[in-house]
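The chain contents come next:
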Amino acid sequence: MKNRFLQIALIALATCGSLTAQNKEAKGTKQFQNYAYVDAIKTYERIFAKGYKSQDMLQKLGDSYYYKGDLTSAAKWYNELFNFAPENPAEYYFRYAQALKATNDYAKADQMMAKFNQLSGNDQRAKLAATQKDYLVQIKKNSGRYTLENAGINSQYSDYGAAYYDKKLVFTSARDTGSLGKRKHTWTGESFTNLYTADIGEQGKVSNPKRMDMGLNSRFNESTCAFTKDGKTVYFTRNSFLDKREKNSKGSTLLKIYSATFNDGKWSNIKELPFNSNDFQTAHPALSADEKTLYFVSDMPGTKGLSDIFKVSINGDGSFGTPVNLGDVINTEGRETFPMITSDGEFYFASDGHPGLGGLDVFFAKVQPDGSFKRIHNVGEPINSSKDDFAYLINEKDRTGYVSSNRDGGNGNDDIYRFKENTRLVDCEQAINGIVTDVADGKPLAGVTVVLQDQNFKVLKEMKTDAEGKFDFGAQDCETKFYLKTTLPEYNTVDTPVMTANETGKTFVPITMEKTKKPLDLTDDLLDKLGIKMIYFDLDKSNIRPDAAVELAKILDVLEQYPTMELDIRSHTDCRQTAKYNLSLSDRRAKSTVAWLIKQGISPKRLTGKGYGESQLVNDCACEPTNKSECTEEQHQANRRSEFIITKL
């Protein structure tokens, strides 16, 4: 499989060029723009060998291999690119990282992703890389669940994709065109692809591959298909061709999804689906078990990345609804492709946007009752490798199946592998529930507002406790940090951190609440008045610590309950360092605290902040003029604090 964007290459013609290095580079650029990557690579590498190179040329040379799926060669040329021009657009750090994974250089790949994260702004791939820094550990946990072997039907060319049909396996191959003259594709350097069948034996063993000469194959590319259970309808991918070849405004023939019906031993009545267009591509159809939903891949308007996965309803009369993007849990700015869904809602797809081992990896997600997705999982090795792994297909009954890959050790560019899943991957869930009681008498508190927040204090759900003081937020993610915020009039607000376990089960959270001791008055320190823990800072630091953020959330709650309240935030240090330095440090701490509250939505007009350095120590831990003290670290930390003084109610 050469075009990992949607998988089959576009059809376009390469052009010729002139003799100078610059003109030859222009020739290569023209070939690149026409998707003639094989020709572009030859042109670029010839002029590079003669000593000529430019940033644009090296970008396109690396990209040519990247789009062909040869990530090892792409890594070589991206390395040349970054040695020649260290600063490049953000996307090249991502592509270089993906290519480096193909060479198993994960350390340098992570460095490139960190740089990509700095440059890419709001890109979801960068966010995922930043929040899943332990992705290799997680992948390792999911690995080792399969046995895998070459399917035995592969050629020296590209063989990939799989679908079940009439006790046979239908797959895609570029092994020949079925004619005397082989027509080579300028993108891949191989013949156009056609559909083939193979017999399925015990444990998914396949044999006797044959060209599928039943009316579906044309003189252009055919690929990936999905059959209805009765075997009378098929949805398949083809370059835009029925009675004639159709082109877009740039002269390229794109991919479309077609349907056909089986009559008199042959597929006929071939139609393109109504949501196709000459302006974008559609490919890789997959049917839901009830055959009422078709999943597919496209770069149509509304696509988040290079290719996204969509779904569309199939109506009872055979018409189609409006395609719907599967959303941010599945789709990234990268390539999501090759969907597959089982009868019990196991959804598999390939992606290079989610953290993986390199190139495309196969991922798993569980479809929720409302059709949405909550989380995804990399299925691990050996299904995934440092190269492209895609087109996952599984038999739900015996857990055998097939996956395609261009990993080392195969027969051709892409090969089909047969697998047996020995241990199923469970979509881990933890049910978060608990009870709220009065700290004084232990009685349950009804009507308490309990808010479930993520680790960044974003509200996820909200409810009130029942007559027995109980609450239940249902299934949530495993190995995830949450906060439970409980509020009740005349009681102090409580923020409780919760870390769910790494296996399916329940997380029970008992919470106690204390009645507010005294009404608030001017000059009160909220920390003392409400029994809130002291906001501490690390030595020589002004950033808000996670434990401090929990306590600040309580301050935030009070400010929200008293919309006219104004606070003066006073920050203090210990005695170590000079008095001048400590004054500056404490001022930064006060401003950091004010900034945190403003970020949560509090008006700056309600907040003032000032640092007092070491001038107001709470113990005998002064150390001027030597800046040395015999006090313990705990004693010094008591001085690194903030106060929240009410200046207006």
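Given the structure is predicted, the values throughout are model-derived calculations rather than measurements. (Residues numbered from 1 in each chain as written. Predicted model: local features only at pLDDT ≥ 70, side-chain atom pairs only at ≥ 80, totals over all residues. Heavy atoms only, no water.)

Would you take a moment to explain the overall build of the chain for this structure?
Assigned secondary structure in the chain consists of 12 helices and 30 strands. Counting all 649 residues of the chain, 55% fall into the buried class. Here the contacts in the chain between residues at least 6 apart in sequence split such that 58% fall between residues at least 24 apart. Carbon and sulfur atoms form 50% of the exposed surface of the chain, whose accessible area is close to 28,600 Å². One way to put it: in the chain the 86 positive side-chain charges average out to a point 5 Å from where the 86 negative ones average out. (Helix = DSSP H or I, 4+ residues; strand = E, 2+ residues; numbered from the N terminus. Buried < 20%, exposed > 50% of the residue type's maximum accessible area, 1.4 Å probe, protein only. Contact = heavy atoms within 4.5 Å. Areas by Shrake-Rupley, 256 points an atom, 1.4 Å probe, with all protein chains shown as cover. Lys, Arg positive; Asp, Glu negative; His and termini not counted. Charge placed at Lys NZ, Arg CZ, Asp CG, Glu CD.)

Help me understand the confidence of the model for the chain in this model?
Low pLDDT marks regions whose predicted coordinates should not be analysed in detail. Of the residues in the chain, 91% reach a pLDDT of 70 or more, and the chain-wide mean stands at 86. Below pLDDT 50 for its whole length, residues 1–19 participates in 94 contacts with residues either more than four positions away or in separate chains. (pLDDT = per-residue confidence, 0-100.)

What's the story with the packing of helix H4 (residues 71–84) against helix H5 (residues 90–102) in this structure? I'm lost.
Any two packed helices are characterised by how steeply their axes cross, that is the angle between the axes, and by the distance between the axes. Between H4 and H5, the least distance of the axes is 8 Å, while the angle of their chain directions is 130 degrees. Taken together, the axis directions place H4 and H5 in an arrangement best described as oblique. Judged by the sense of rotation from one axis to the other, the crossing of H4 with H5 is left-handed. Residue-level inspection shows Leu-71, Thr-72, Ala-74, Ala-75, Tyr-78, Asn-79, Leu-81 and Phe-82 of H4 in contact with H5, the latter providing Tyr-92, Tyr-93, Arg-95, Tyr-96, Gln-98, Ala-99, Leu-100 and Ala-102. In the contact of H4 with H5, the residues fall into 12 nonpolar, three polar and one charged. (Axes fitted to C-alpha atoms, helices over the stretch in contact; angles between N-to-C directions. Parallel < 35°, antiparallel > 145°, perpendicular 65-115°, else oblique. Left-handed = near helix turned anticlockwise from the far one by under 90°. Nonpolar A, V, L, I, M, F, W, Y, C, P; charged D, E, K, R; others polar.)

Help me out: how do you make sense of the environment of Thr-193 in this one?
Counting through the fold element by element, Thr-193 comes out in the loop between strand E3 (168–173) and strand E4 (194–200). The buried category is assigned to Thr-193, whose relative accessible area is 6%. Sequence separation of Thr-193 and Lys-292 is 99 residues, and the distance between their C-alpha atoms is 29 Å. At 2.9 Å, the side chain of Thr-193 and the backbone oxygen of Glu-222 are in polar contact. (Polar contact = N/O pair within 3.5 Å; in protein donor to acceptor, adjacent residues only side chain to side chain.)

I tried to follow the sheet that holds strand E24 (residues 470–477) on my own but got confused; where do I start?
In any sheet, the strands associate via hydrogen bonds between backbone groups, in a parallel or an antiparallel arrangement. Taken together, three strands build an open sheet; the order of strands is E24-E21-E27 and the sheet is mixed. Edge positions in the sheet fall to E24 and strand E27 (505–513), since each of these pairs with one other strand and no more. Each neighbouring strand pair of the sheet contributes to a mean axis angle of 20 degrees, computed without reference to strand direction. As defined by bridge partners, strand E21 (residues 429–438) adjoins E24 across six bridges and the pair is classed as antiparallel. (Pairing = 2+ DSSP bridges.)

Even after reading the chapter, I still don't get the nonpolar core, so can you show me in this structure?
If you look at the biggest cluster of nonpolar residues, it comprises 32 residues, and the most contacted ones within it are Tyr-66, Tyr-78 and Phe-116. No other element matches the nine residues that H5 contributes to this core. Those residues in contact with Tyr-66 that sit more than four places away from it in its chain are Leu-71, Ala-74, Tyr-78, Phe-94, Arg-95, Gln-98, Arg-335 and Asp-352. If you look at the next biggest cluster of nonpolar residues, it comprises 28 residues, including Leu-520, Leu-530, Leu-559 and Trp-596. (Core = buried A, V, L, I, M, F, W, Y, C linked by side-chain atoms within 4.5 Å.)

Please explain the side chain of Arg-238 as it appears in this structure.
Tracing the backbone shows Arg-238 in strand E7 (residues 233–239). Every residue in contact with Arg-238, bar those within four places of it in the chain, is listed here: Gly-215, Leu-216, Asn-217, Ser-218, Asn-221, Glu-222, Leu-254, Leu-255, Lys-256, Tyr-258 and Ile-270.

Looking at this structure, I do not really get the pattern of salt bridges. What am I missing?
If the charged atoms of two oppositely charged side chains come close together, the side chains can form a pair. What the rule picks out here adds up to 31 salt bridges. Ionic pairing is found between Glu-551 and Lys-554, a salt bridge with its closest N-O pair at 3.1 Å. Separated by three residues within a single helix, Glu-551 and Lys-554 lie in helix H10 (residues 546–561), roughly one turn from each other. Across this residue pair, the class does not change: Glu-551 and Lys-554 are buried. Its salt-bridge partner being Arg-576, residue Asp-574 comes within 3.0 Å of it at the nearest N-O pair. The class of Asp-574 is buried, set by a relative accessible area of 2%. (Salt bridge = Lys/Arg side-chain N within 4 Å of Asp/Glu carboxyl O.)

It is not clear to me how the state of the cysteines should be interpreted in this structure. Could you clarify?
Each disulfide consists of a covalent bond between the sulfur atoms of two cysteine residues. This structure, assessed with the given rule, holds two disulfides. Two residues, Cys-575 and Cys-623, share a disulfide whose sulfurs are 1.9 Å apart. Negative torsions about the S-S bond denote left-handed disulfides, and the value of about 120 degrees found for Cys-575 with Cys-623 makes this one right-handed. A residue pair is termed long-range when its members are at least 10 positions apart, and Cys-575 in the loop between strand E28 (566–571) and helix H11 (579–599) and Cys-623 in the loop between strand E29 (607–611) and helix H12 (633–639) qualify at 48 residues. Accessibility assignment for this pair places Cys-575 and Cys-623 in one class, buried. (Disulfide = S-S within 2.5 Å.)

Quick question: what am I supposed to make of the layout of surface pockets here?
Rolled over the atoms, a probe as big as a water molecule pinpoints where empty space is left. Taken as a whole, the largest pocket holds about 2,100 Å³ of empty space. What lines the largest pocket is a set of 48 residues, among which Gln-132, Lys-374, Arg-375, Asp-477 and Thr-480 lie closest to the centre. Put simply, the parts of the chain that give the lining of the largest pocket at least two residues each are helix H7 (124–131), helix H8 (135–142), strand E17 (373–378), strand E23 (459–464), E24 and strand E25 (481–487). The dominant element in the lining of the largest pocket, judged by the number of residues it contributes, is E17, at six residues. Estimates place the volume of the second largest pocket at around 930 Å³. Along the wall of the second largest pocket there are 37 residues; nearest its centre are Tyr-164, Phe-227, Leu-287, Met-340 and Leu-393. Tallied by class, the residues present in the lining of the second largest pocket amount to 20 nonpolar, nine polar and eight charged. (1 Å grid on protein atoms, 1.4 Å probe; cavity = no way out; pocket = protein on both sides within 12 Å on 5 of 7 lines; lining within 4 Å. Points joined across faces, edges and corners; volume = space filled by probe spheres on them.)

Help me understand the environment of Gln-156, please; the structure alone is not making it clear to me.
Within the secondary structure, Gln-156 is located in the loop between strand E1 (146–150) and strand E2 (159–165). When the C-alpha atoms of Gln-156 and Leu-649 are compared, they prove to be 79 Å apart, with 493 residues separating the residues in sequence. Not counting residues up to four positions away in its chain, the partners in contact with Gln-156 are Asn-411, Gly-412 and Asn-413.

Before we go on, may I ask you to explain helix H2 (residues 37–49) in this structure?
What sets the pattern is the α-helix's 3.6 residues per turn: residues three or four places apart point alike. For H2, built from 13 residues, the straight-helix expectation of 18 Å at 1.5 Å per residue is met to within 8% by its first-to-last C-alpha distance of 18 Å. All buried positions along H2 are accounted for by Tyr-37, Val-38, Ala-40, Ile-41, Thr-43, Tyr-44 and Ile-47. Two residues or fewer past H2, Gly-51 is found with a positive phi of approximately 100 degrees. (Expected span 1.5 Å × (residues − 1).)

Can you help me understand unusual backbone geometry in this one?
Negative phi characterises most residues that are not glycine, and trans characterises most peptide bonds. The omega torsion across Glu-381 and Pro-382 is 5 degrees, close enough to zero to call that bond cis. Within the chain, Asn-269 stands out as a residue other than glycine whose phi angle is a positive 55 degrees. Along the polypeptide, Asn-269 turns up in strand E9 (residues 266–272).

Quick question: what am I supposed to make of the packing of aromatic side chains here?
Aromatic ring pairs are defined here through the distance separating the ring centres and the angle between the ring planes. A full pass over the atoms with the stated rule returns 34 aromatic pairs. The ring centre of Tyr-581 lies 5.9 Å from the NZ or CZ of Arg-588, which sits over that ring. (Phe/Tyr/Trp six-rings, centres within 6.5 Å; stacked < 30°, edge-to-face > 60°. Lys NZ or Arg CZ within 6 Å of the ring centre and 35° of its normal.)

When you look at the pairing of strand E30 (residues 642–648) in this model, what are you seeing that I'm missing?
On any regular strand, side chains alternate: one points to one face of the sheet, the next to the other face. Of all seven residues that make up E30, five are buried, and the element is covered over most of its length. Note that E28 and E30 share six bridges and pair antiparallel. When the sheet's bridge partners are listed, Glu-566 is paired in E30 with Lys-648.

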